[in-house]
Amino acid sequence: MKNSKIRRGTMMTAAAAALTMLLAACGGGDGADDTAAPEEAGETTEAAPAEAVTFGCEAYAEYGSFEGATVEILSSIRDVEADQLDQSWAEFEECTGIDVIHNGIGEFEEQIVVQAEAGNAPDLAVFPQPGLLARMVDEGYVLPATDEVEAKVDEGWTEDWKAYGTVDGEFYAAPLMSSVKSFIWYSPSMFADGGYEIPETLDEMMALTEQIAADTADDGVVKPWCAGIESGGATGWPATDWVEDMVLRTGGAEVYGQWVANEIPFNDPQIVAAIDGVGEYLLNEEFVNGGIGDVRSIATTSFNDGGQPILDGNCYMYRMASFFEAQWPAGTNVAEDGDAFAFVMPGQEAGPAPLLTGGEFVGAMNEREEVRAVQSFLASPEWANSRVSIGGVSSANLGVDLDNAGSAILRLAMELLQDESRTVVFDGSDMMPSEVGSGEFWTQMTAWIDGTVDSQGAADAIQAAWPTD
């Protein structure tokens, strides 16, 4: 599918300047109205009238004032990115009186189900997979979005992005952040020293890999690629991204869409061939795992750590999404002539390669006014600009000012997300039923890396997990 046409008005430039002054003023405020009654256990906090909003917090007037209210959010966002998330809504908290408590866990896909079934669901959940969102909707745990949230999404996001948060024709979850998953991070200086050029086709990428392997054969540590797929309860997802990118490039968007919908089964020869295509890189001891270990070390290396050997000169390339920028140590120069940068994984032919994208979707699991206020704020261009300005992430929200991008790589990511010449698809495993996409697909790719199953066996097992009803 093609990215929907981007319609960006001139309003945001002026609005961003005005909002900056408002936010700065809000930073020195005393919080929400002192007359607001604190929330008691089990009660819904009533929003204070608009005129009670603290001076300087006018940008947040539409959300109301909830002195002493607490809203809990559960997500898979951890470490540096979690800290940045907290920063992104700090002024919203001060101006509305809502204490937003975020819990980021590596086992989100398992725990959100456990907590919901136990009657202990968080107020808001940030779903990385539309497939898991659909499951939770079907089981009655996620509430339809309010008209206010839907209006923000209709204004700020394309129809494609809204559709990912829609189940059976009803809208439930607003997009939060967006990422380009088809990035290959590399060392500009090592490329320059070796006389290597960014590949423009898949054949050129393999040729480059073989050349680097030959040039570093006597070293014993340095390899063309480094990799890591460990991610707690979500271990395996980086390997599924590799496979998705390969299916998209070798089969095209139509085959990709049919595969995601199970119209082409997982164990179809062309899908198995795509897995084998990934194996030409990740299962070759001469190509991986620079600075870390052998092929099997990929399964035990965190995706957060997988690309770090680039900075040590031990590997040249690491396939990982745009959000990986947040994992580089402080002081890393992420630029075309810096310590690290990224290019889009090439396609079969030279030209604009297709993009695999990903994102998160915020669904409400408890019905309180303050919960809906937070959900609405997170769907707004104001929040998107706040989060993008902090750095480390990109967004496909149409209200984001590209000048707020915290780095050249994030600006590149957002330019790509708005490039109408690109074929853009959403992460396939995230779109599949959760039993498959965030279940057997992750599990079998980890076993495949570990050498306990071959590509055909993995594909057969994944296909067998597909729901039959």
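Above: the structure in question.
As for the sheet that holds strand β9 (residues 315–319)
Move 1: One open sheet accounts for four strands, arranged β8-β9-β7-β10; its pairing is mixed. Since the sheet does not close on itself, it has two edges, and those belong to β8 (223–225) and β10 (341–344), each with one partner. Each strand axis lies, on average, 25 degrees off the axis of its neighbour in the sheet, ignoring direction.

Some remarks on the environment of Val71
Move 1: Structurally, Val71 is set in strand β1 (residues 70–75).
Move 2: Val71 gets classed as buried once you look at its relative accessible area, which sits at 0%.
Move 3: Considering only alpha carbons, one finds Val71 and Val371, 300 residues apart in sequence, at a separation of 5.9 Å.
Move 4: For Val71, the contacting residues outside a window of four places in its chain are Ile98, Asp99, Val100, Ile101, Asp123, Leu124, Arg368, Glu370, Val371 and Val374.

Some thoughts on the pairing of β9
For a regular strand, side-chain orientation follows a simple rule: the groups alternate between the two sheet faces.
Move 1: With five of its five residues buried, β9 lies for the most part within the structure.
Move 2: Examined bridge by bridge, strand β7 (residues 183–186) and β9 share three bridges and lie antiparallel to one another. Each residue of the ladder has a partner; that of Tyr186, found in β9, is Met317.
Move 3: Where β8 and β9 come together, two bridges link them in parallel fashion. Each residue of the ladder has a partner; that of Lys223, found in β9, is Cys315.

A short note on the environment of Leu85
Move 1: With respect to the element layout, Leu85 can be found in helix α2 (residues 79–88).
Move 2: Judged by relative accessible area, which is 2%, Leu85 ranks as buried.
Move 3: Separated by 305 residues in the primary sequence, Leu85 and Ile390 place their C-alpha atoms 8.9 Å from one another.
Move 4: Ignoring anything within four residues of it in the chain, the contact list for Leu85 reads Ile77, His102, Trp383 and Arg387.

What to know about the packing of helix α11 (residues 269–282) against helix α19 (residues 455–464)
Move 1: Viewed as axis vectors pointing N to C, α11 and α19 meet at an angle of 130 degrees, and their least axial separation amounts to 9 Å. Considered as vectors, α11 and α19 are oriented oblique to each other. Where α11 crosses over α19, the two elements pack in a sense that is right-handed. Between α11 and α19, the contacting residues are Val272, Ile275 and Asp276 on the first element and Ser455, Gln456 and Ala459 on the second.

A short note on unusual backbone geometry
Move 1: Omega for the bond connecting Val288 with Asn289 falls within 30 degrees of zero, at 5 degrees, which places this linkage in the cis form.
Move 2: Among the structural elements, Asn289 can be located in the loop between α11 and α12 (297–300).
Move 3: Phi at Asp79 is positive, roughly 55 degrees, even though this residue is not glycine.
Move 4: Examined against the element boundaries, Asp79 turns out to sit in helix α2.

Some words on the state of the cysteines
Move 1: As enumerated under the stated definition, the model contains two disulfides in all.
Move 2: Between the sulfur of Cys57 and that of Cys95 lies a disulfide, 2.0 Å long from S to S. Torsion about the S-S bond of the Cys57 and Cys95 cystine: about -65 degrees, corresponding to left-handed handedness. Of the two residues, Cys57 sits in the loop between α1 (11–26) and β1 while Cys95 sits in helix α3 (residues 90–96), which places them 38 residues apart along the sequence.
Move 3: Residue Cys57 is classed as buried on the basis of its relative accessible area of 1%.
Move 4: By relative accessible area, which is 3% here, Cys95 ends up buried.

Focus on empty space enclosed by the protein
Move 1: Tallied over the entire structure, the rule returns six cavities of 30 Å³ or more.
Move 2: The calculated volume of the largest cavity comes to roughly 460 Å³.
Move 3: Forming the boundary of the largest cavity are 29 residues, of which Ser76, Pro128, Trp237, Phe323 and Glu360 lie nearest the centre.
Move 4: Of all the secondary structure elements, the ones that give two or more residues to the lining of the largest cavity are α2, β6 (174–180), α10 (237–260), β11 (355–364) and α17 (428–431).

Reading guide: rules and limits
Residues numbered from 1 in each chain as written. Predicted model: local features only at pLDDT ≥ 70, side-chain atom pairs only at ≥ 80, totals over all residues. Heavy atoms only, no water. Pairing = 2+ DSSP bridges. Helix = DSSP H or I, 4+ residues; strand = E, 2+ residues; numbered from the N terminus. Axes fitted to C-alpha atoms, helices over the stretch in contact; angles between N-to-C directions. Buried < 20%, exposed > 50% of the residue type's maximum accessible area, 1.4 Å probe, protein only. Contact = heavy atoms within 4.5 Å. Parallel < 35°, antiparallel > 145°, perpendicular 65-115°, else oblique. Left-handed = near helix turned anticlockwise from the far one by under 90°. Disulfide = S-S within 2.5 Å. 1 Å grid on protein atoms, 1.4 Å probe; cavity = no way out; pocket = protein on both sides within 12 Å on 5 of 7 lines; lining within 4 Å. Points joined across faces, edges and corners; volume = space filled by probe spheres on them.

Such coordinate-based values are descriptive only and should not be taken to indicate function.
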